[in-house]
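Structural features, examined
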Amino acid sequence: MESSVLAFATDLLDEGADAFFGNLTDRARVGGVTLASVYHEARDVFPHNPRRVVRYLEPGAAYFRPDPAAWRGRRLAPVPSTAIGEHDPFAEAAAQAGRRGLKLHAWTVFCHNDRLGFAHPDCSPANAFGDRHLTELCPANPEVREYALTLVAELARYGVDAVRAESPHFHGLRHGYHHERYFEELGPTAEALLGVCFCPHCRAAAVRAGVPADEVAAAVRTELRRRLADERAAAEPADLSALTDGAFAAYVDASAATVTSLAADLTEQARRHGMRLSFMDGGGPGRGWLAGIDLPALTEVVDQIETLGYARTPEAVREKLAAFALHGVRPQDMAVILRPMAADCDGPENLAAKIAVLRELGVPEVEFYHYGLMRLSSLDRIGAALSG
């Protein structure tokens, strides 16, 4: 089974290559590192970082040096983080990983990009009222798709083994934003409807699929107004698949086809450059319909589906993978991310038992979250579990 630890470029820069890679090989004993290449805004606590304990990550920043020629004339282009200064962490990571016999993976956040969304609102998803969700990019937008494809080609310059594709899909209303406020209970139906994109590109894709997009948008606005005006209506259950006599469901299916086609294009681009592509589905089966995640379709076009195996027990990890199997994703076509920290594990035996479940089911790859966010003792726990 292949193994890797997810990490930030700032972990490498703050600790230095010898300490960073030494912890990966000597403590965690993994065979690779999965380094964030483009990442979203965050505020994190780093227990063992020698330079800082609390750090703010910039909105939608890149942690490699983009090739200016590749982005000339583009509105959407990766912006290097100020945290890397004049460094190119990916170049350094590639050299060090090659020297130490480790694989380098690029953990890449595609459509959750607040920097580019705020700078180019017309590239962001729009709800049924036309309000733009500026923390995101819309996967139906041609400029967004061109940006994503070029990003994959850029990463190939570093000898990357696999692109871990996070957020190449739509996002719901509550994806997360600082000081996000909901003082009235919206109810799950209103929240779901507010997260569906009705931008011109998504409407056009639906029309090409034979869906009356404008009619669906009008029905969604009417339903939202009713639920926003009355808390009793907000609490009413709803069968979204039956809204507008099934046209809403067909609209969402067209959105899923958009995500699948983007994933297929990204995978083809990765393969063209000698890389693999893992589609990261953190929510799991049954939660991704409104985000455009069609697991049976995706498993036909990408190299691998990656998910979060966050759970307290090995049995719960097994159940998560069984749910994917019911949606057409075989364990052999998956990678699973585990957390060795106390939130999920009470010791190396617990982590080893989860890894044993993955091996038994035929999962070929396990990753561990997250280098900088865990104590050094948790890195030791990974090494003990993998060696057990």
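All values derive from a computational prediction rather than experimental measurement. (Residues numbered from 1 in each chain as written. Predicted model: local features only at pLDDT ≥ 70, side-chain atom pairs only at ≥ 80, totals over all residues. Heavy atoms only, no water.)

1. Re the overall build of the protein chain
- Within the protein chain, the regular secondary structure consists of 15 helices and 12 strands.
- At 21 Å, the protein chain has a C-alpha radius of gyration in line with the 21 Å of a compact globule built from 388 residues.
- With the principal axes as the frame, the protein chain shows a C-alpha extent of 60 × 50 × 40 Å.
- Looking at the protein chain as a whole, 55% of its 388 residues are labelled buried.
- In the protein chain, once contacts between residues fewer than 6 apart in sequence are set aside, the share between residues at least 24 apart is 76%.
- Looking at the protein chain as shown, the accessible area adds up to about 16,100 Å², and 51% of this sits on carbon and sulfur atoms. (Helix = DSSP H or I, 4+ residues; strand = E, 2+ residues; numbered from the N terminus. Rg over C-alpha atoms; globule rule 2.2 N^0.38 Å. Buried < 20%, exposed > 50% of the residue type's maximum accessible area, 1.4 Å probe, protein only. Contact = heavy atoms within 4.5 Å. Areas by Shrake-Rupley, 256 points an atom, 1.4 Å probe, with all protein chains shown as cover.)

2. Thoughts on the layout of surface pockets
- Here the second largest pocket defines a volume of roughly 310 Å³.
- What lines the second largest pocket is a set of 16 residues, among which His133, Thr135, Leu173, Glu180 and Tyr182 lie closest to the centre. (1 Å grid on protein atoms, 1.4 Å probe; cavity = no way out; pocket = protein on both sides within 12 Å on 5 of 7 lines; lining within 4 Å. Points joined across faces, edges and corners; volume = space filled by probe spheres on them.)

3. A closer look at the side chain of threonine 34
- Topologically, threonine 34 is positioned in strand E2 (residues 32-39).
- The exposure class assigned to threonine 34 is buried, which follows from its relative accessible area of 0%.
- One polar contact links threonine 34 to serine 4, side chain to side chain, over a distance of 2.8 Å.
- Residues within four places of threonine 34 in sequence aside, it is in contact with Ser4, Val5, Leu6, Ala7, His105, Trp107, Arg164 and Glu367. (Polar contact = N/O pair within 3.5 Å; in protein donor to acceptor, adjacent residues only side chain to side chain.)

4. Comments concerning the packing of aromatic side chains
- All chains considered together, the criterion is met by 13 aromatic pairs.
- When the ring of tyrosine 39 is compared with that of tryptophan 107, the centres are 5.0 Å apart and the planes differ by 70°; the resulting orientation is edge-to-face. Taken as a pair, tyrosine 39 in strand E2 and tryptophan 107 in strand E7 (residues 103-109) lie far apart in primary sequence, 68 residues in all. In terms of burial, tyrosine 39 and tryptophan 107 fall into one category: buried.
- Plain terms: the ring middles of tryptophan 71 and tyrosine 147 are 5.8 Å apart, the flat faces sit at 50° to each other, and that makes the pair tilted. Here the residue tryptophan 71 occupies a position in helix H3 (residues 68-71), and tyrosine 147 occupies one in helix H6 (residues 142-155), the gap between them amounting to 76 residues.
- Of the residues examined, tryptophan 71 reaches a relative accessible area of 7% and is grouped as buried.
- Looking at tyrosine 147, the relative accessible area reads 1%, which means it is buried.
- Three or more aromatic residues joined by ring pairs make a cluster, and in this case those are Phe8, Tyr39, Phe46, Trp107, Tyr310 and Tyr369.
- Directly above the ring of tyrosine 182 sits arginine 174, whose terminal nitrogen or CZ lies 3.9 Å from the centroid. (Phe/Tyr/Trp six-rings, centres within 6.5 Å; stacked < 30°, edge-to-face > 60°. Lys NZ or Arg CZ within 6 Å of the ring centre and 35° of its normal.)

5. Section: the pattern of salt bridges
- According to the stated counting rule, one finds 28 salt bridges in the structure shown.
- Notably, a salt bridge pairs glutamate 2 with lysine 103, separated by 3.0 Å at the nearest N-O pair. Taken together, the residues glutamate 2 in strand E1 (residues 2-7) and lysine 103 in strand E7 connect sequence positions 101 residues apart.
- We classify lysine 103 as partly exposed; its relative accessible area is 35%.
- Among the salt bridges present, the one from aspartate 380 reaches arginine 27, with a minimum N-O distance of 2.8 Å. Residue aspartate 380 is located in helix H15 (residues 376-387), and its partner arginine 27 is located in helix H2 (residues 17-28); the two are separated by 353 residues in the primary sequence.
- The structure contains a network of salt bridges with shared partners spanning Asp161, Arg164, Arg276, Glu306, Glu365 and Glu367. (Salt bridge = Lys/Arg side-chain N within 4 Å of Asp/Glu carboxyl O.)

6. Structural notes on the state of the cysteines
- Applying the stated criterion to the full structure yields 0 disulfides.
- Among the cysteines around cysteine 111, which has no disulfide bond, cysteine 138 carries the closest sulfur, lying 7.6 Å off.
- The closest cysteine sulfur to the non-disulfide-bonded cysteine 202 is located on cysteine 138, 3.5 Å from its own sulfur. (Disulfide = S-S within 2.5 Å.)

7. Here we look at the nonpolar core
- Core analysis: the biggest nonpolar cluster contains 103 residues, and Phe21, Phe368 and Ile382 have the highest contact counts within it.
- Considering every element that reaches this core, the biggest residue donor is helix H11 (residues 247-272), with 10 residues.
- If sequence neighbours within four positions are ignored, isoleucine 382 has contacts with Val5, Ala28, Val30, Pro340, Leu351, Phe368 and Met374.
- Tyr63, Ile84, Ile337 and Leu373 belong to the second-largest nonpolar core, a separate cluster that totals 18 residues. (Core = buried A, V, L, I, M, F, W, Y, C linked by side-chain atoms within 4.5 Å.)

8. Structural notes on helix H14 (residues 348-361)
- If you check H14, its first and last C-alpha atoms are 20 Å apart, about what 14 residues at 1.5 Å a residue would give, namely 20 Å.
- Residues of H14 that are buried include every one of Asn350, Leu351, Lys354, Ile355, Val357 and Leu358, and no others. Down the axis of H14, the buried set is contained in an arc of 150°. They therefore lie on one face. Summarising the geometry of H14, the exposed residues directed more than 90 degrees from the buried face are Glu349 and Glu360.
- Buried residues along H14 sit against helix H13 (314-326), strand E11 (334-338), strand E12 (365-368) and H15.
- Two residues or fewer past H14, glycine 362 is found with a positive phi of approximately 95°. (Expected span 1.5 Å × (residues − 1). Arc of directions from axis to C-beta.)

9. Focus on the side chain of histidine 105
- Counting through the fold element by element, histidine 105 comes out in strand E7.
- Using a relative accessible area of 1% as the deciding quantity, one classes histidine 105 as buried.
- Looking at histidine 105, its side chain comes within polar contact range of the side chain of aspartate 161, at 3.5 Å.
- Apart from the residues lying within four places of it in its own chain, the contact partners of histidine 105 are Ser4, Val33, Thr34, Leu35, Phe90, Val160, Asp161, Ala162, Arg164, Arg276, Glu365 and Glu367.

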